[in-house]
Structure formats: structure tokens, C-alpha cells
Amino acid sequence: MSTEGPPTMASLDSLGTGSTTMATASSQSVDELSRSLQRFNWPDYLVFMLMLVSCIFIGIFFGYKDHLKHKNRKSARRDSEALDYLVGGRKMKIFPVAVSLVASWISGISLLGTSTEIYVYGTQYCYIVFAIVMMGLAMHYIFLPVFHDLQITSAYEYLQLRFDKRMRLIGSILFTMASLLWLPIVVYVPALAFNQVSGVNIHVITPIVCLVCIFYTSVGGLKAVVWTDVIQTTIMVGAMIIVIIKGTIDVGGLGVVIERNSAGQRFEKPDFNLDPTTRNTFWNLFIGGTFFWTSTNATNQNMIQRYLSLPSLRAARKALLLFLVGTTVVLSLCCYNGLLIYAMHHDCDPLSTGLAKAKDQLVPLLVMEVLAIYPGLAGLFVAGIFSAALSSLSTALNSLSAIVLEDFCKPFVKRPLTEMQVRYLMRGTVLIFGALAVVLVAVVEKMGAVLQLSMSLGPVTLGPLFGLFIMGMFFPRINGTCAIIGTIGGLATMSYIVIRSQISIALGEMVFAEKPVTVEGCAYDFTPLNRTVSFPTDGSSTDVEKSLHHVSFLYYTLIGSMIPTIIGYLSSVVMSFTVGLNPEEQNVDPQLLAPFIQKYYQPNKVRNVTEVIHEFETKDIQL
């Protein structure tokens with residue numbers, strides 16, 4: 001069996017079939033064909049620009065409305081502007097918030113990465129839908145009730161209530177680090193798609209689009225973010241459906257798509273292999289995927305901030321249900337898109353010929369082949385890709401402004417911030433982090449496939465962060481000091497696993513088993529790339545000694561959250577014997593624990609957190 005691990009960008013660009021000759025039906029070269037497919041004409045640019053302009057006007061509209069509101073209410077209480085900017089005054093509607101949740105999660109990473117995953121590795125990844133269901137149950141019964149009862153603005157305010165100020169600061173730092181790792185990937189993906197269809201350099205289009213996003217996010221706040229998400233999601237899903245319908249017709253119908261993918265071994269039954277080093281198995285996707293999805297929804301400020309913008313727990317649960325349905329639908333469309341790509345290129349792999357320079361350009365290539373002859377439709381799809389990215393970027397920037405204000409500034413200032421200081425602080429945060437995302441695109445460009453990359457780098461910090469919330473909600477005996485010890489242990493472990501795995505990938509020690517491809521049917525001239533596709537084997541000749549860093553990237557969040565929890569719990573046991581810490585003296589407020597634990601937890605004396613909770617509640621008085 002091949003030893004598996006995440007691919008690098010170098011490996012993506014240098015893979016090849018090893019074939020040196022082939023008969024062609026045309027004298028057209030691959031470069032000429034590639035240039036002919038880059039037919040991004042003025043109607044496409046017009047559609048693309050209309051999407052950006054609509055986002056700008058939405059930001060101006062909501063920003064102006066809030067400006068008038070606060071200008072005309074001289075007696076408005078302190079923090080009213082921050083409340084409107086960050087959580088929409090807690091008066092948002094269910095449907096737009098649910099659509100915004102889908103748009104924030106289904107970024108360009110998912111649109112391009114999931115389809116690429118199916119084309120290269122088969123349909124095993126589709127079984128992650130079961131993890132989505134488990135995430136929904138955890139959100140419904142555990143996390144949403146706790147957060148909504150506390151009525152907080154930053155998810156990491158919970159860590160101060162449960163532990164102390166140190167843990168709130170640590171949680172906010174971990175989230176900020178995770179965002180800095182994730183944001184440039186989000187920005188890079190649509191730029192890659194735009195480059196494939198138009199030939200425009202990614203470092204030219206990236207700053208332009210990011211400036212638009214920074215503008216409407218900083219001006220309009222959460223309301224602008226949510227309503228632009230609604231428009232952007234409509235564009236995104238509509239464009240995908242158009243591509244799927246037209247592409248399916250072009251290849252000869254649904255039956256042909258199924259037939260070619262069956263012959264190409266893309267369809268896979270659930271793989272119940274228990275080996276944790278195998279890239280994708282049912283258990284990796286179900287167990288590891290559940291922890292990954294739950295961590296990025298339950299303890300991620302990007303998502304929690306939207307749930308907290310709704311007026312009640314019941315409304316938040318309805319938004320969650322719509323989010324699950326919407327996410328499953330979009331994920332299904334992405335998976336089918338991957339099957340369609342293979343059906344279109346079943347006898348001429350574009351990665352082997354160099355028609356697609358990187359794996360994540362397969363979807364844009366499909367779009368130009370299917371829609372380029374229709375003015376404006378290719379532009380509509382690229383606008384959809386950018387819409388998905390802008391929704392995720394704007395969500396993250398708005399959340400970071402909440403973190404900087406609520407967690408990095410307010411707890412450490414001697415005098416309350418004025419409305420003017422709050423206004424400039426929030427908007428300055430959006431500008432700074434947006435600029436950082438643009439700069440870091442150059443780093444992401446040199447790394448791996450976007451889907452795997454986002455699920456590999458994120459858990460370095462999101463895993464230990466999720467562990468903090470697990471310790472807080474499930475283990476009353478763990479105090480702040482024990483939680484810090486556990487978090488340090490989790491960060492060290494995850495840093496080792498991810499860094500060591502990337503080194504192994506660069507050295508060629510970790511290789512994926514890819515599905516077979518061919519170039520026998522290519523009708524254009526090309527110089528074969530040195531692409532060596534690894535096929536599944538019985539492992540008799542390729543096995544190497546396995547280590548912790550060989551574990552599937554799907555387990556990263558599980559490991560990153562469980563190690564801090566175990567270390568934190570053991571530390572509390574050790575401290576009970578060495579320094580006389582009595583777990584019962586913790587007296588954690590039951591409101592801070594998971595609902596099903598509240599029923600059985602009976603502290604001798606509830607710790608007084610009324611003043612802290614009241615401080616946050618005073619920000620939530622409806623205007």
C-alpha cells in the first residue's frame with residue numbers, strides 16, 4: 001500500500017504520465033488551445049464588474065442607513081454602533097443568515113477543491129456528508145444553546161466566563177492565527193480561476209477584488225456582508241447549475257457521465273479500512289470530518305457571529321437546519337462537477353498535457369470549454385467563484401474586527417472607547433487584515449491543492465482552540481491553568497505533525513494513490529509532462545515505516561482537540577494531588593456547560609459570574 005499524505009504545488013505541477021509520443025488529430029498545440037480557451041470577452045468582464053459594483057452599493061446602502069441611525073439618535077447608548085456593525089443589532093432574519101452561513105463555508109476552496117478531489121481521487125470524499133449531519137446535531141444540542149443563553153458577541157468571551165481572561169486572549173490569538181493561514185487561500189482560489197479563463201496575472205486581479213471586499217465590509221458591517229452573501233450565493237449556485245446542465249448535454253447525457261466515470265474507476269463504495277494513514281476512508285471522513293466540521297462551525301467566530309445575530313435560539317436552530325440543507329446541496333453539485341470534468345476528459349487528461357497548469361484549474365477549464373461560446377456566461381461563473389471567495393473573506397474580516405475590538409482592546413483599556421474610536425478601530429482592522437491576505441497569496445501559490453491545504457493548515461490552531469471549548473463545556477474540573485497546559489501541548493503536537501508531513505511530501509516520502517488517467521484520445525499536440533500517477537497497490541513493495549505525521553489530514557482536528565483535552569484533564573488530576581486542588585471547588589456556573597451535563601452537575605457553590613455576563617448583556621438591549 002502506498003504511504004499517503006497531502007500533495008505539494010510542486011508535485012501538482014510536475015506530475016505526468018511518462019508517455020513521450022502520441023498521435024494527434026490536429027496540428028494545434030496545447031499552448032494554442034489554451035490561448036483559444038481564454039476567451040474572456042467584454043460581456044464576461046461586464047458581468048464580472050456588475051457583481052463587484054453591486055457589492056459596493058450594498059455596502060454603501062447599509063453603511064449609510066446605520067450612519068443616519070446613529071446620527072439621529074444622540075442619546076444612543078455606548079457600543080450601539082459596534083452592536084449594529086458586528087451582529088446586526090441581533091435583529092437579522094433567518095433566511096439571509098442561513099444563506100450567508102452557506103456562502104461563508106462554501107468558499108472557492110470547496111467549489112474548486114471538491115471537484116478536483118473527485119476527478120483525481122474518486123468519490124470517496126462524498127461520504128463526508130455523514131460528518132455534516134453529526135456536526136448539525138452537535139451544534140443543535142450543545143453549542144448553540146450555550147452561546148445563545150450567554151448572549152455574547154465574541155465566541156471567545158465564553159472562555160473568559162468559563163476560565164479567565166488568559167484563556168479568552170489565547171482563544172482569540174488562535175482564531176486570528178487560523179484566519180491568517182486561511183484567508184490567503186480563500187483569495188488565491190478565485191484568482192487562479194480568473195487566470196485560467198482570462199490570462200490575467202493573479203497578482204493583478206487579487207488586490208483589485210480584495211479592495212472591493214474591504215470597502216463594502218468596512219462600510220456596511222455585518223448587514224452588508226450578509227446581504228452581499230445572498231446575492232453572491234445566488235450567482236454561485238446559478239452558475240454551477242448552468243455549467244452542469246450544459247456540460248452534461250455536451251458529453252451526451254447523464255448516462256454517458258456515469259458510464260465514463262464507472263470505466264475510469266471514479267465511483268467508490270465506502271472504504272471501511274481502519275488504517276488512519278489512508279488518505280480517504282469512510283472512518284476518516286466520518287470521525288475526522290465530524291471534528292473538523294464541528295470545530296469550524298461551533299467555535300469559529302466567522303460562523304458563531306452569524307448565529308448570534310439572530311434574536312433567539314429557535315431562530316438560530318432554524319438557520320442551522322437551512323445551512324445544513326444548503327451545504328449538502330452545494331457539496332453535491334461540486335461532487336457531480338468533478339464527475340463531469342472526468343467525463344469531458346476521460347481520454348485526454350489536461351494535467352498530463354499541460355492544458356491545466358494546476359489541479360485546481362480543472363473547473364475553470366471546464367467552464368471555458370462549456371460556456372466560452374456564450375457571451376457573459378463564463379463571466380457569470382467566474383463571478384460566482386469570486387462571489388464565494390468574497391463572502392468568505394468578508395465574513396472573516398468582519399469577525400476579526402469583532403475579535404480585535406472585544407478581545408484585544410476592550411479588556412485592556414482603562415477607559416471605555418468612544419464611538420469614534422470604535423468606528424475607526426473596526427474599519428482599520430478590516431483594512432489591515434485584508435492587506436495581509438493579499439500579501440500572503442504569494443506564499444500560498446507555492447503550496448498544495450487548496451482543499452487539502454485548508455484542511456491541513458487550519459487544524460494547527462483550530463484543533464487546540466476546539467479543545468478549549470471541549471474542556472470548558474464537558475469537564476468542569478479543568479481550570480484555566482490546566483487548560484493552558486493542554487493548549488500548549490496541542491499546539492506543539494499539531495505543529496510537529498503538519499510541518500513534518502510537509503517535509504515528507506517535499507522529499508517524496510508521502511505519495512497519494514490517484515485514479516488512472518490517459519492521453520490516448522488527445523486531439524492536439526503537446527509535450528508530455530513528467531507526471532507519474534500512483535495507483536493503488538497491495539503495499540507489498542511500497543510500504544515504509546509509518547509515523548504520527550503519516551496520519552490522514554482528516555484526523556488533524558481530532559488529534560489537535562483531543563490532545564489538549566487529555567493533557568488538561570490529567571493536569572487537573574495531578575494538581576488535585578500535588579497542590580490540593582479540589583475539582584468540586586471549581587464551582588462552575590452550570591450555564592457554561594453543555595446542556596446534557598448541566599442536568600447532572602451540582603456544584604456546592606456557583607462561582608459568581610453575574611457581573612461579567614451582565615456586562616455583555618448590556619450590549620444586547622434592543623434599540
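This one's a predicted model, so the numbers in the text were calculated from it and none came from an experiment.

Caption draft 1: Fine view of the overall build of the protein. Looking only at helices and strands, one finds 24 helices and zero strands in the protein. Scored against the burial criterion, the 623 residues of the protein give a buried share of 60%. Restricting the contact set of the protein to residue pairs at least 6 apart, pairs at least 24 apart contribute 86%. Of the roughly 23700 Å² of accessible surface on the protein, 66% is carried by carbon and sulfur atoms.

Caption draft 2: How the structure looks around the confidence of the model for the protein. This prediction gives the protein a mean pLDDT of 76; 78% of its residues lie at or above 70. When pLDDT is averaged over each helix and strand of the protein, the minimum, 34, is found for helix α1 (residues 9-14) and the maximum, 92, for helix α11 (residues 254-263). Considering only residues more than four positions removed or in separate chains, one finds that residues 74-79, a stretch of pLDDT under 50, has 12 contacts.

Caption draft 3: Expanded view of the nonpolar core. Ranked by size, the top nonpolar core spans 167 residues in total, and within it Phe-48, Tyr-158, Tyr-307 and Phe-323 carry the most contacts. Ignoring anything within four residues of it in the chain, the contact list for Tyr-307 reads Leu-101, Met-139, Leu-144, His-148, Asn-297, Ala-316, Leu-320 and Phe-323.

Caption draft 4: Region of the structure containing unusual backbone geometry. If you check the backbone angles, Gln-265 has positive phi at about 65° while not being a glycine. Note on placement: Gln-265 falls in the loop between α11 and α12 (282-298).

Caption draft 5: Broad picture of the environment of Phe-272. Within the fold, Phe-272 resides in the loop between α11 and α12. Each C-alpha atom, one on Phe-272 and one on Phe-282, is 5.5 Å from the other, the two residues being 10 residues apart in sequence. Setting aside chain neighbours within four positions, we find Phe-272 in contact with Phe-282 and Trp-283.

Caption draft 6: View of α12. When the terminal C-alpha atoms of α12 are compared, their 23 Å separation across 17 residues agrees well with the 24 Å that a helix rising 1.5 Å per residue should span. Considering bend angle alone, the principal kink of α12 is centred on Gly-289 and spans about 35°. The element α12 is largely enclosed, with a buried count of 13 among its 17 residues.

Caption draft 7: Quick look at the packing of helix α20 (residues 459-474) against helix α22 (residues 556-578). Put simply, α20 and α22 touch, their axes get as near as 7 Å, and they point 45° apart. The angle between the axes of α20 and α22 places the two elements in the oblique class. When you trace α20 past α22, the crossing you get is right-handed. Residue-level contacts link Pro-459, Gly-463, Pro-464, Phe-466, Gly-467, Ile-470 and Met-471 of α20 to Tyr-556, Thr-557, Gly-560, Ser-561, Met-562, Pro-564, Thr-565 and Gly-568 of α22. The residue makeup of the contact of α20 with α22, split by class, is eight nonpolar, seven polar and no charged.

Caption draft 8: Looking closely at the state of the cysteines. Evaluated as defined, the whole model comprises one disulfide. In this model, Cys-348 is linked to Cys-522 through a disulfide, with the two sulfur atoms separated by 1.9 Å. In this structure, the disulfide formed by Cys-348 and Cys-522 twists by about 105° around the S-S bond and is classed as right-handed. Here the residue Cys-348 occupies a position in the loop between α14 (313-344) and α15 (350-353), and Cys-522 occupies one in the loop between α21 (480-506) and α22, the gap between them amounting to 174 residues. For the residue pair Cys-348 and Cys-522, the accessibility class agrees, reading buried in each case.

Caption draft 9: Structural context of the packing of helix α7 (residues 129-150) against α20. Close contact between α7 and α20 brings their axes to 12 Å; oriented N to C, the two are set at 80°. With respect to α20, the element α7 is oriented roughly perpendicular. Counted together, Ile-142, Phe-143, Val-146 and Phe-147 of α7 and Phe-466, Phe-469, Met-473 and Phe-474 of α20 form the full contact between these two elements. Its residues assigned to classes, the contact of α7 with α20 shows eight nonpolar, no polar and no charged.

Caption draft 10: Molecular detail of a nonpolar patch on the surface. Taken together, the side chains of Val-53, Phe-57, Ile-60 and Phe-215 present a nonpolar region at the surface, about 340 Å² in accessible area. Sorting elements by how many residues they give to the nonpolar patch places helix α3 (residues 42-71) first, with three residues. Topologically, Phe-57 is positioned in helix α3.

Caption draft 11: A look at the packing of aromatic side chains. Tallied over the entire structure, the rule returns 15 aromatic pairs. A ring pair is formed by Phe-282 and Trp-283, whose centres lie 5.2 Å apart and whose planes are at 80°; its orientation type is edge-to-face. Seen in terms of ring centroids, Phe-291 and Phe-466 are 6.2 Å apart; in terms of plane orientation they differ by 75°. Their pairing is edge-to-face. Of this pair, Phe-291 sits in helix α12 while Phe-466 sits in helix α20, placing them 175 residues apart in sequence. Through a chain of ring-to-ring contacts, three or more aromatic side chains come together here, namely Phe-130, Phe-272, Phe-282, Trp-283 and Phe-286. Here the basic side chain of Arg-477 rests over the ring of Tyr-569, its NZ or CZ set 5.4 Å away from the ring centre.

Caption draft 12: Representation of the pattern of salt bridges. Counted by the stated rule, this structure contains five salt bridges. With its nearest N and O atoms 2.8 Å apart, the salt bridge here joins Arg-166 to Asp-164. Of the residues examined, Arg-166 reaches a relative accessible area of 40% and is grouped as partly exposed.

Caption draft 13: Focus on α11. For α11, every residue scored as buried is listed here: Val-256, Val-257 and Asn-261. The arc that holds the buried residues of α11, viewed along the axis, is 125°, so those residues lie on one side. Away from its buried face by more than 90 degrees, α11 exposes Glu-259 and Ala-263. Once α11 finishes, Gln-265 follows within two positions and takes phi at roughly 65°, a positive value.

Caption draft 14: Broad picture of the environment of Val-422. Tracing the chain through its elements places Val-422 in helix α18 (residues 419-444). For Val-422, a relative accessible area of 1% corresponds to the buried category. Each C-alpha atom of the pair Val-422 and Cys-409 lies 9.8 Å from the other, and the pair is 13 residues apart in sequence.

Caption draft 15: Spatial organisation of the environment of Ser-262. Relative to the assigned elements, Ser-262 resides in helix α11. Each C-alpha atom, one on Ser-262 and one on Ala-343, is 9.9 Å from the other, the two residues being 81 residues apart in sequence.

Caption draft 16: Local environment of the side chain of Thr-353. For Thr-353, the location among the structural elements is in helix α15. Taking relative accessible area as the criterion, Thr-353 reaches 2% and is therefore assigned buried. Here Leu-355 takes part through its backbone nitrogen, which lies 3.3 Å from a polar atom of the side chain of Thr-353. Those residues in contact with Thr-353 that sit more than four places away from it in its chain are Val-30, Cys-348, Val-519, Cys-522, Tyr-524, Phe-526 and Thr-527.

The rules behind the values
Residues numbered from 1 in each chain as written. Predicted model: local features only at pLDDT ≥ 70, side-chain atom pairs only at ≥ 80, totals over all residues. Heavy atoms only, no water. Helix = DSSP H or I, 4+ residues; strand = E, 2+ residues; numbered from the N terminus. Buried < 20%, exposed > 50% of the residue type's maximum accessible area, 1.4 Å probe, protein only. Contact = heavy atoms within 4.5 Å. Areas by Shrake-Rupley, 256 points an atom, 1.4 Å probe, with all protein chains shown as cover. pLDDT = per-residue confidence, 0-100. Core = buried A, V, L, I, M, F, W, Y, C linked by side-chain atoms within 4.5 Å. Expected span 1.5 Å × (residues − 1). Bend = angle between axes of the 7 residues up to and from the residue. Axes fitted to C-alpha atoms, helices over the stretch in contact; angles between N-to-C directions. Parallel < 35°, antiparallel > 145°, perpendicular 65-115°, else oblique. Left-handed = near helix turned anticlockwise from the far one by under 90°. Nonpolar A, V, L, I, M, F, W, Y, C, P; charged D, E, K, R; others polar. Disulfide = S-S within 2.5 Å. Patch = residues over 30% accessible without salt bridge, like charges linked within 9 Å, V, L, I, M, F, W, Y side chains within 5 Å. Salt bridge = Lys/Arg side-chain N within 4 Å of Asp/Glu carboxyl O. Phe/Tyr/Trp six-rings, centres within 6.5 Å; stacked < 30°, edge-to-face > 60°. Lys NZ or Arg CZ within 6 Å of the ring centre and 35° of its normal. Arc of directions from axis to C-beta. Polar contact = N/O pair within 3.5 Å; in protein donor to acceptor, adjacent residues only side chain to side chain.

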